[in-house]
Amino acid sequence: MRDVTFVYPDADARVLAEVSFTVQPGTTTAIVGSTASGKSTVVRLLARLLEASSGQVLIGGTDVREADPEALWAQMGLVPQQPFLFAGTVASNLRLGAPEASDEELWAALRVAQADFVEDLDMHISQGGTNVSGGQRQRLAIARALGRRPDILIFDDSFSALDVSTDARLREAMGPATAGITKVIVAQRVSTIVEADQILVLDGGHLVGSGTHTELLATCAVYREIVTSQLGAEAAA
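Overview of the structure.

Thresholds, definitions, all that
Residues numbered from 1 in each chain as written. Predicted model: local features only at pLDDT ≥ 70, side-chain atom pairs only at ≥ 80, totals over all residues. Heavy atoms only, no water. Helix = DSSP H or I, 4+ residues; strand = E, 2+ residues; numbered from the N terminus. Rg over C-alpha atoms; globule rule 2.2 N^0.38 Å. Buried < 20%, exposed > 50% of the residue type's maximum accessible area, 1.4 Å probe, protein only. Contact = heavy atoms within 4.5 Å. Areas by Shrake-Rupley, 256 points an atom, 1.4 Å probe, with all protein chains shown as cover. Lys, Arg positive; Asp, Glu negative; His and termini not counted. Charge placed at Lys NZ, Arg CZ, Asp CG, Glu CD. Salt bridge = Lys/Arg side-chain N within 4 Å of Asp/Glu carboxyl O. Pairing = 2+ DSSP bridges. Axes fitted to C-alpha atoms, helices over the stretch in contact; angles between N-to-C directions. Core = buried A, V, L, I, M, F, W, Y, C linked by side-chain atoms within 4.5 Å.

## Concerning the overall build of the protein chain
Argument step 1. A count of helical and extended segments in the protein chain gives nine helices and twelve strands.
Argument step 2. On C-alpha atoms alone, the protein chain measures out to a radius of gyration of 18 Å, which is about the 18 Å that the 2.2 N^0.38 rule sets for 237 residues.
Argument step 3. Each principal axis of the C-alpha atoms in the protein chain carries an extent, and together these give about 50 × 45 × 30 Å.
Argument step 4. Put simply, the protein chain has 237 residues, and 48% of those count as buried.
Argument step 5. Restricting to contacts in the protein chain with at least 6 residues of sequence separation, those with at least 24 account for 63%.
Argument step 6. Just so you have it, the protein chain exposes about 11,100 Å², and 49% of that area is on carbon and sulfur atoms.
Argument step 7. When the 18 positive and 29 negative side-chain charges of the protein chain are each reduced to one mean point, those points stand 3 Å apart.

## A closer look at the pattern of salt bridges
Argument step 1. A complete count under the given rule lists six salt bridges for this structure.
Argument step 2. Residue arginine 65 pairs with aspartate 63 through a salt bridge whose shortest N-O separation is 2.9 Å.
Argument step 3. According to the relative accessible area criterion, arginine 65 is partly exposed, its value standing at 32%.
Argument step 4. Given a relative accessible area of 7%, aspartate 63 falls into the buried group.
Argument step 5. In this structure, aspartate 167 engages arginine 189 in a salt bridge whose closest nitrogen and oxygen atoms are separated by 2.9 Å. Here aspartate 167 is found in helix α6 (residues 164–177), whereas its partner arginine 189 is found in the loop between β10 (182–186) and β11 (198–203), with 22 residues between them in sequence.
Argument step 6. Each of Asp167, Arg171 and Arg189 takes part in one network of salt bridges that share partners.

## Let's talk about the sheet that holds strand β9 (residues 152–156)
Argument step 1. An order of β6-β9-β10-β3-β11-β12 is seen for the six strands of this open sheet, with the pairing classed as mixed. The outermost strands of the open sheet, each flanked by one partner alone, are β6 (76–79) and β12 (206–211). On average, each strand axis in the sheet is tilted by 15 degrees relative to the strand beside it, whichever way the strands run.
Argument step 2. Pairing geometry for β6 and β9, over four bridges, is parallel. Bridge pairing in β9 places valine 79 opposite phenylalanine 155.
Argument step 3. Sitting on the sheet, helix α5 (residues 134–148) is in contact with β6 and β9, with an inclination near 175 degrees to β6.

## Thoughts on the nonpolar core
Argument step 1. Within the largest apolar cluster, 47 residues are counted, with the highest numbers of intra-cluster contacts made by Leu110, Leu140 and Tyr223.
Argument step 2. The element contributing the most residues to this core is α5, with six residues.
Argument step 3. Among all residues touching leucine 140, those that are not within four sequence positions of it are Leu85, Val90, Leu94, Leu110, Phe117, Val118 and Ile125.
Argument step 4. Within the second largest apolar cluster, 22 residues are counted, among which are Val23, Ala47, Ala52 and Ile154.

In structure tokens form, the structure reads like this:
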């Protein structure tokens, strides 16, 4: 397991400025904020889908810009908000992340991802996953990432198309299934991330709060506003 350190101090940066944090191995870090606050930019910089114009992103003490891209991506499982599925079957899509996975391992990942709509691993998937719903695509992509057993799992608003009850069941199942894996979760729903070890609050590209749910309710006005808007004033009290 490796820690992740993110330092982006350039006050003149176009998207992010003065954003610094460390993710400890095996913990869950959530990122919340309004639209265009920089949440997905952080994820893309972590996965080196964007190059930092200043500052550093360190994984295990190594700057991601100096790491071999294939080696870097091999230790990550990234689930974007709008995942892409390829023409084939459920099994062929899941094995893109874990080519040697057994059928039993694929079923285990599907159960954790709450993909109960899958009755057969040979179920046909159209190019782009157009024959399944948005929520089903997200669950298949989550199962694909889980099957890899990476060191770091990154969910970029990957639960947005799930109903509240499915989201809750998935999070409950994911706890034991991802024990020891470092997780970074970008989420819109506060209910998805209240139990995270660390919550980062972004606003206008700045980090305006960090801590647990309880700590942020006491210290971060932006976070309280988010909680109030979603869960009501009593939840933010």
